[in-house]
Amino acid sequence: MAGLMSRTSTLVKAWISKLLGQAEDPSVTLDYSYERQREQLQNVKRGVADVVTAKKRLELQTSKLEQEVVKLESQARQAVGAGREDLARTALERKALAQQQLQGLDQQASGLEQQQQKLTGAERRLAAKVEAFRTQKEVIKAQYSAAEAQVKITEAASGIGEEMADTGLAIERAREKTEDMQARAAAVEELVEAGTLEDFTSSSDQLDRELAQISAGTQVEDELARMKKEVGSGAEQKELKS
Amino acid sequence: MIVRLMGEGQYRVDDSLQERLNELDDRAGAALEANDETELDKTLDEMFELVRREGEQLADDDLSTSDTVIPPSDTTLEEARQLMSQEGYIPDLAAI
């Protein structure tokens, strides 16, 4: 079996020759290929920016979900205070579920951070190479015969092509990772929206209602007890007077 | 010779390094066959470290092509399998 290294080398070389094969006579299309490189550099910049944006969105989503977990905890406490162990248990179970998901997201986020740094480096390298190609193409035009120019251009374009293949793969991988994280975050959110978690956090939710009923109930009982006491002692006093 | 570490750039290393890289590459291939993600991870890390330690990084604007390309150090088993499959897995920048 061929090794990973030789396989990767072969793939990159095939990728480059496909790229160069698309160009017609490179010496005629020198300026054109430079323009295409600049376009692709723009694609790369956009790709990197997309990953950065997605990462920020995920961070926001994650911190929102972390707040939900805190809410669940305080509601479980409230339920315990109200003597409703069943409600507290449900809240804690859901809290544990959400926490598990969040932990997975945290791990993935740190991987994404590394990939983002690599992407920034790749973008910088590609930009430097495209700029070097711009300079070199003028030298090639001015100094070389057509046949020599052909060789020089192919060399330079291959160097850029290799960097493009690397960058393209890095963007693709970062994007896949981001999508994977988005799916995870969406799954937690779905739990929230389906009423599993949200029930505990929105004002009109079931647990809140029950807790409100309990506390209203407690209040009623308390007041009733107080009134009974007052009325009772009043009645006793009356009795004493009469 | 010039070696590219995917995601990290290119290094100029002594030709004699090829043999050690090949040994590590064999180990990575064996790890892939054994579905051993930890070993694959470790071996790719070793390849990256070896090239970083023994090599000299090329300037950003160097237009040389590489003699050898090493896949990303955090390549997963699944990605490695895709890499070895017919289609390969290098996307077109135009599609990005």
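Predicted model only: the values in this text are computed from it and were never measured.

A. Fine view of the overall build of chain B. Scanning chain B from terminus to terminus reveals three helices and four strands. Listing each helix as α and each strand as β along chain B from the N terminus yields β-β-α-α-β-β-α. Computed over its C-alpha atoms, the radius of gyration of chain B comes to 14 Å, within 12% of the 12 Å expected for a compact globule of 96 residues. By principal-axis analysis of the C-alpha atoms, chain B measures approximately 35 × 35 × 20 Å. Counting the 96 residues in chain B, one finds 50% classified as buried. For chain B, contacts bridging at least 24 residues in sequence account for 67% of all contacts bridging at least 6. A total of about 4600 Å² of accessible surface is found on chain B, and carbon and sulfur atoms cover 40% of it. Taken as two groups, the 8 positive and 26 negative side-chain charges of chain B have centres that lie 4 Å from each other.

B. Representation of the pattern of salt bridges. Residue and element names in this part refer to chain B. Per the counting criterion, the structure on display carries 22 salt bridges over all chains. Between E39 and K42 there is a salt bridge, and its shortest N-O distance comes to 4.0 Å. Residue E39 and its partner K42 are both found in helix α2 (residues 37–54); the two are separated by three residues, about one turn of the helix. Residue classification places K42 among the partly exposed positions, given a relative accessible area of 46%. Where R53 meets E54, a salt bridge forms, and the shortest distance between an N and an O atom there is 4.0 Å.

C. Looking closely at the interface of chain A and chain B. With 43 residues of chain A at the interface, the matching set in chain B holds 49 residues. Regarding the contact of chain A and chain B, the summed buried area is about 4000 Å², with carbon and sulfur atoms giving 60% of it. When the buried area of chain A at its contact with chain B is split by residue, L4(A), M5(A) and R173(A) rank highest and sum to 20% of it. One can count six salt bridges joining chain A with chain B. E163(A) is the partner of R4(B) in a salt bridge, and the nearest nitrogen-oxygen pair spans 3.0 Å. Scanning the region where chain A abuts chain B turns up 17 residue pairs in polar contact (both at pLDDT 80 or more). Listed by contribution, the elements that provide at least two residues to the side of chain A that touches chain B are α1 (4–22), α2 (30–81), α3 (85–143) and α4 (146–193) of chain A. Considering every element that reaches the side of chain A that touches chain B, the biggest residue donor is α4(A), with 17 residues.

D. Summary view of the confidence of the model for chain A. Residues and elements named next belong to chain A. Averaged over chain A, the pLDDT score is 78; the fraction of residues at 70 or greater is 79%. When the elements of chain A are averaged for pLDDT, helix α5 (residues 198–201) gives the smallest value, 44, and α3 the largest, 85. Predicted confidence is poor over residues 195–204, with pLDDT under 50, and the contacts of this stretch with residues over four places away or in other chains come to 30 contacts.

E. Region of the structure containing the confidence of the model for chain B. With 91% of its residues at a pLDDT of 70 or more, chain B shows a mean pLDDT of 90. Both scores are given for the predicted complex: the pTM is 0.74, the ipTM 0.90.

F. Broad picture of the side chain of R125(A). Inspection of the secondary structure puts R125(A) in helix α3. With relative accessibility at 6%, the residue R125(A) sits in the buried group. One polar contact links the side chain of R125(A) to the main-chain carbonyl oxygen of E8(B), over a distance of 3.4 Å. Sequence-distant contacts of R125(A), that is, excluding residues within four places in its chain, are made with E163(A), G7(B), E8(B), G9(B) and D60(B).

Calculation criteria
- Just so you know, the residues in each chain are numbered from 1, in the order the chain's sequence is written.
- A letter from A marks each chain and a number from 1 marks each ligand, given out in the order of writing.
- It should be noted that, the model being predicted, local features are given only for residues of pLDDT at least 70 and side-chain atom pairs only at 80 or more, the latter also being counted only at that level, while totals for whole chains, interfaces and linings use all residues.
- With hydrogens and water set aside, each side-chain value is computed from the structure's full complement of heavy atoms.
- Think of it this way: any DSSP run of H or I at least four residues long counts as a helix, any run of E at least two long counts as a strand, and we number them from the N terminus.
- Our radius of gyration looks at C-alpha atoms and nothing else; its globule reference is 2.2 Å times the residue count to the power 0.38.
- We call a residue buried when its accessible area falls under 20% of the maximum for its residue type, exposed when it is over 50%, and partly exposed in between, using a 1.4 Å probe and counting protein chains only.
- Here, two residues are considered to be in contact whenever any of their heavy atoms come within 4.5 Å of each other.
- Computed by Shrake-Rupley with a 1.4 Å probe, the accessible areas treat only the displayed protein chains as cover when residues are assessed.
- Neither His nor the chain ends is counted toward charge; the positive residues are Lys and Arg and the negative residues Asp and Glu.
- Working definition for charges: the position is that of NZ of Lys, CZ of Arg, CG of Asp or CD of Glu.
- Salt bridge, as used here, is a side-chain nitrogen of Lys or Arg placed within 4 Å of a carboxyl oxygen of Asp or Glu.
- By buried area we mean how much accessible surface two parts lose on assembly, using a 1.4 Å probe and totalling the loss over both.
- Two N or O atoms count as a polar contact when they lie within 3.5 Å, although within protein this holds only if one can serve as hydrogen donor and the other as acceptor, and sequence-adjacent residues are included solely when both atoms are side-chain atoms.
- The predictor attaches a confidence to each residue, called pLDDT, with possible values from 0 through 100.

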